Amino acid sequence: MPSTERQMPPDGTSLAPKQMDRSGLCIGCGACTARSDARATGMRLDHYGQFKPPASHHPRGFAQLCPFSPDAKNEDDIARERFASAKHCDPHIGRFEAAYVGYVRENTFRTDGSSGGMASWTAVELLETNLVDGVAHVVPRSEDSELLFHYRLSRTAEDVRAGAKSRYYPVELSGVIDEMSRCPGRYAVVGIPCFIKALHLLCLQDPVLRERVAFTLGLFCGHMKSTRFVESIAWQLGEKVEAVADVDFRVKDVTRPANWYTARLLLKDGSTRSKDWWHLADGDWGAGFFQNSACNFCDDVVAETADISFGDAWAEPYASDGRGTNVVVVRSPLLRRLVDHARNEGRLELQEVDSAFVVGTQAAGFRQRREGLAFRLSRPRRGVTPKKRVAPQRAGLVPRRMTIYWLRSLVSAQSHRVFRLARILHWPAIYTRWASTMLAFYQGVTYSRGWIGKLVSRICPEMADSGRTSSDDEPGA
Ligand SMILES: Cc1cc2nc3c(=O)[nH]c(=O)nc-3n(C[C@H](O)[C@H](O)[C@H](O)COP(=O)(O)OP(=O)(O)OC[C@H]3O[C@@H](n4cnc5c(N)ncnc54)[C@H](O)[C@@H]3O)c2cc1C
Ligand code: SF4
Ligand code: SF4
């Protein structure tokens, strides 16, 4: 291990959360905090608005528990144990029984959800068929709190349905893990891929939790943002984040394509403010504004260790359908039966698809976490060296492609710092002007947009023949 950071913490474990954080490898899942006395101190937001475990904290078994630890089992290991007899195995989406594209027909799941409503439908179906007693998922915070969203254990269908919609906002698992450990029952947990991986790693060490976590429901994931994304949206709408009561990151509009996102803030005075993402200085998902640094070292797009996972069907004709359409990957045979039963009853409108279709809907995410990850791994860095399922590699990449990956890393790292400066000085324009400039560079290099695009295309013509560098750099979360 080339790292100078891998020293033995005092309790004899080989790795500590602080090292992961310093190495830019802590996603803030809270799994390590849940497992120790540090629960009392709890996960805290750092000065960039990202969750971090207490600095002095080094739980036993941490090296096998943290989803980014080089000593923990990887997604392939976990999925091999959990889905040993899976029908299919694909290098991008892992082991699975069946994959589908479609949406929920019954009730208002589709209208209420960010996509086709399948995530909330599955959680409710598990509750209503008595397969679980509660669902851990992310809901708006009701009491007056610094945070807008948090994980909650919902025990009724109404409560689960009230949590529909995607939250591009930091959350952490320690509270619901604690509640599941204290209260006997069977639970389903909804989460992004790294959280679901962390939970399975924790279950390997904790027999009580292993027995109680009955189902894991994964969300496909592009990256995680800090709390500052909402703050920045508020600034760009002429408001302060303190005035914000709730956020809908993706307001549904059936008259527009599903991938034309609009963010809507509900203010504490009851009024609302909205803006399309493409009018935000930091609204291009692919540019990586406020991205957690650990996402630079992620290789799981589709929650390969979850019993079932859900994403958006970013492929035509579905992407143009403002009502929202899911892609669904089912890995648990029991959940496949549950889904097929509802299909046969006409409650779900799902067509079976192959792995190539699913991969195609997430082309940008896979490119960033295969080719892009290989490139990032090939660059020298300090701290703990991540061990990924992708080998370091930069050979064969054209300079423009390398520039795109480098620009994303730059934008994601600097957005935290520039926003912090603007915040300290109470001067939003410092951030918004910087963000607009970076966006122009990013979109010039990536999509050949504007004068920067023309200049870059002249210098590096290799990918500019269609006026875009690549069809799979589309934004989309
Ligand atoms: C950070 C993030 C990044 C994503 N990136 C992609 C992507 O790149 N490509 C893609 O196809 N899909 C992505 N998704 C998933 C997508 O946005 C939808 O959540 C998914 O398609 C399910 O839609 P639905 O209508 O079926 O879910 P809904 O019926 O709207 O239910 C969503 C469920 O997820 C829970 N939830 C919401 N936010 C979070 C969160 N942050 N952590 C844990 N649980 C949460 C809710 O409580 C609810 O139970 C992302 C989601 C998140 C949260
Ligand atoms: S990623 Fe999760 S388990 Fe790892 S150090 Fe951070 S909070 Fe702890
Ligand atoms: S991109 Fe990967 S590491 Fe980042 S939040 Fe999503 S699943 Fe976690």
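This structure is a prediction, so every number in the text was calculated from the model and none was measured.

Calculation rules
Residues numbered from 1 in each chain as written. Chains lettered and ligands numbered in written order. Predicted model: local features only at pLDDT ≥ 70, side-chain atom pairs only at ≥ 80, totals over all residues. Heavy atoms only, no water. Helix = DSSP H or I, 4+ residues; strand = E, 2+ residues; numbered from the N terminus. Rg over C-alpha atoms; globule rule 2.2 N^0.38 Å. Buried < 20%, exposed > 50% of the residue type's maximum accessible area, 1.4 Å probe, protein only. Contact = heavy atoms within 4.5 Å. Pairing = 2+ DSSP bridges. Salt bridge = Lys/Arg side-chain N within 4 Å of Asp/Glu carboxyl O. Axes fitted to C-alpha atoms, helices over the stretch in contact; angles between N-to-C directions. Near = heavy atom within 4 Å. Nonpolar A, V, L, I, M, F, W, Y, C, P; charged D, E, K, R; others polar. pLDDT = per-residue confidence, 0-100. Polar contact = N/O pair within 3.5 Å; in protein donor to acceptor, adjacent residues only side chain to side chain. Areas by Shrake-Rupley, 256 points an atom, 1.4 Å probe, with all protein chains shown as cover. Core = buried A, V, L, I, M, F, W, Y, C linked by side-chain atoms within 4.5 Å. Left-handed = near helix turned anticlockwise from the far one by under 90°. Phe/Tyr/Trp six-rings, centres within 6.5 Å; stacked < 30°, edge-to-face > 60°. Lys NZ or Arg CZ within 6 Å of the ring centre and 35° of its normal.

Caption draft 1: Looking closely at the overall build of the protein chain. Along the backbone of the protein chain there are 17 helices and 15 strands. Computed over its C-alpha atoms, the radius of gyration of the protein chain comes to 21 Å, within 12% of the 23 Å expected for a compact globule of 477 residues. Taking the principal axes of the C-alpha coordinates as reference, the protein chain spans close to 60 × 60 × 50 Å. Relative to its full complement of 477 residues, the protein chain shows a buried share of 59%. Considering only residue pairs separated by 6 or more positions, the protein chain has 70% of its internal contacts joining residues 24 or more positions apart.

Caption draft 2: Highlighting the pairing of strand 13 (residues 308-312). Among the five residues in strand 13, five count as buried, and that is most of the element. Going residue by residue along strand 13, you find Ile308, Phe310 and Asp312 tucked away on one face and Ser309 and Gly311 tucked away on the opposite face as well. One ladder, built from five bridges, connects strand 13 with strand 14 (residues 326-330); its direction is antiparallel. The partner of Ser309 across the bridge, within strand 14, is Val329.

Caption draft 3: Structural view of the pattern of salt bridges. On inspection of all chains with the given rule, the structure shows 30 salt bridges. Arg80 is paired through a salt bridge with Asp77; the nearest N and O atoms lie 3.5 Å apart. Of this pair, Arg80 and Asp77 both sit in helix 3 (residues 75-82), separated by three residues, roughly a single helical turn.

Caption draft 4: Quick peek at the sheet that holds strand 7 (residues 149-154). In space, the eight strands of this open sheet follow the order 7-6-8-9-13-14-5-15, with mixed pairing throughout. The sheet terminates laterally at strand 7 and strand 15 (348-353), the two strands that pair on one side only. Geometrically, the sheet is characterised by an average inter-axis angle of 25 degrees between neighbouring strands, direction not taken into account. Judged from the six bridges that link them, strand 6 (residues 134-140) and strand 7 form a sheet pairing that is antiparallel. Bridging across to strand 7, Ala136 finds its partner in Leu153. Seen against the sheet, helix 7 (residues 174-182) touches strand 6, strand 7, strand 8 (187-191) and strand 9 (213-219) and runs at an angle of roughly 15 degrees to strand 7.

Caption draft 5: Quick look at the site of ligand 3. The local shell around ligand 3 consists of Ile27, Phe68, Ile192, Pro193, Cys194, Cys221, Gly222, His223, Met224, Cys295, Cys298 and Arg369. Split by residue class, the shell around ligand 3 holds nine nonpolar, two polar and one charged.

Caption draft 6: Structural detail: the confidence of the model for the protein chain. A residue-level look at the protein chain finds 92% of positions with pLDDT of 70 or above and a mean pLDDT of 92. Confidence drops under a pLDDT of 50 for residues 1-7, and excluding neighbours within four residues, the segment shows 17 contacts in the predicted structure. Contacts of residues 464-473 to residues separated by more than four positions or lying in other chains number 29 contacts, the stretch itself having pLDDT below 50.

Caption draft 7: Structural detail: the site of ligand 1. Close contacts around ligand 1 come from 34 residues, with Ser120, Val138, Lys165, Ser166 and Asp312 the closest. Within the contact set of ligand 1, an oxygen atom lies 3.0 Å away from a backbone nitrogen or oxygen of Met118. Between an oxygen atom of ligand 1 and a main-chain N or O atom of Val138, the distance comes to 2.6 Å. With the chains in place, 99% of the 920 Å² that ligand 1 exposes on its own is no longer accessible. Of the residues contributing to the shell around ligand 1, the split by class is 14 nonpolar, 16 polar and four charged.

Caption draft 8: Main features of the environment of Val135. Along the polypeptide, Val135 turns up in strand 6. When the C-alpha atoms of Val135 and Tyr151 are compared, they prove to be 9.8 Å apart, with 16 residues separating the residues in sequence.

Caption draft 9: The pairing of strand 9, seen in detail. Most of strand 9 sits inside the fold, with six of its seven residues counted as buried. Here five bridges tie strand 8 to strand 9, and the two strands are oriented parallel to one another. Residue pairing for strand 9: Gly191 is matched across the bridge by Gly218. Bridge analysis of strand 9 against strand 13 gives three bridges, and the strand direction is parallel. Each residue of the ladder has a partner; that of Leu217, found in strand 13, is Ile308.

Caption draft 10: Representation of the nonpolar core in the model. Counting 90 residues, the largest nonpolar core has Ile27, Phe68, Phe195, Phe249, Trp277, Phe289 and Tyr431 as the members making the most contacts within it. Top element by residues in this core is helix 16 (residues 428-447). It accounts for eight residues. Excluding residues within four positions of it along the chain, Phe289 makes contact with His223, Lys225, Ala281, Asp282, Asp284, Val411, Ser415, Tyr431, Trp434, Ala435, Met438 and Leu439. One finds Ala98, Val135, Ala157 and Phe310 within the second-largest nonpolar core, a separate group that totals 29 residues.

Caption draft 11: Spotlight on the packing of helix 3 against helix 8 (residues 193-205). Interaxial distance between helix 3 and helix 8 falls to 11 Å at its minimum, and their mutual angle equals 65 degrees. The handedness of the crossing between helix 3 and helix 8 is left-handed. Each of Glu75, Ile78, Glu81 and Arg82 in helix 3 lies in contact with helix 8, whose residues at this interface are Lys197, His200, Leu201 and Leu204. In the contact of helix 3 with helix 8, the residues fall into three nonpolar, one polar and four charged.

Caption draft 12: Geometry of the packing of aromatic side chains. Under the counting rule described, the total for this entry stands at 22 aromatic pairs. Seen in terms of ring centroids, Phe229 and Phe290 are 6.4 Å apart; in terms of plane orientation they differ by 50 degrees. Their pairing is tilted. Note that Phe229 is positioned in helix 10 (residues 228-236) and Phe290 in the loop between strand 12 (272-276) and strand 13, a separation of 61 residues in sequence. A single burial state applies to Phe229 and to Phe290, both of which are buried. The lysine or arginine in question, Arg110, covers the ring of Tyr103, its NZ or CZ lying 3.5 Å from the ring centre. Taking NZ or CZ as reference, Lys225 lies 4.8 Å from the ring centre of Trp285, over its face.

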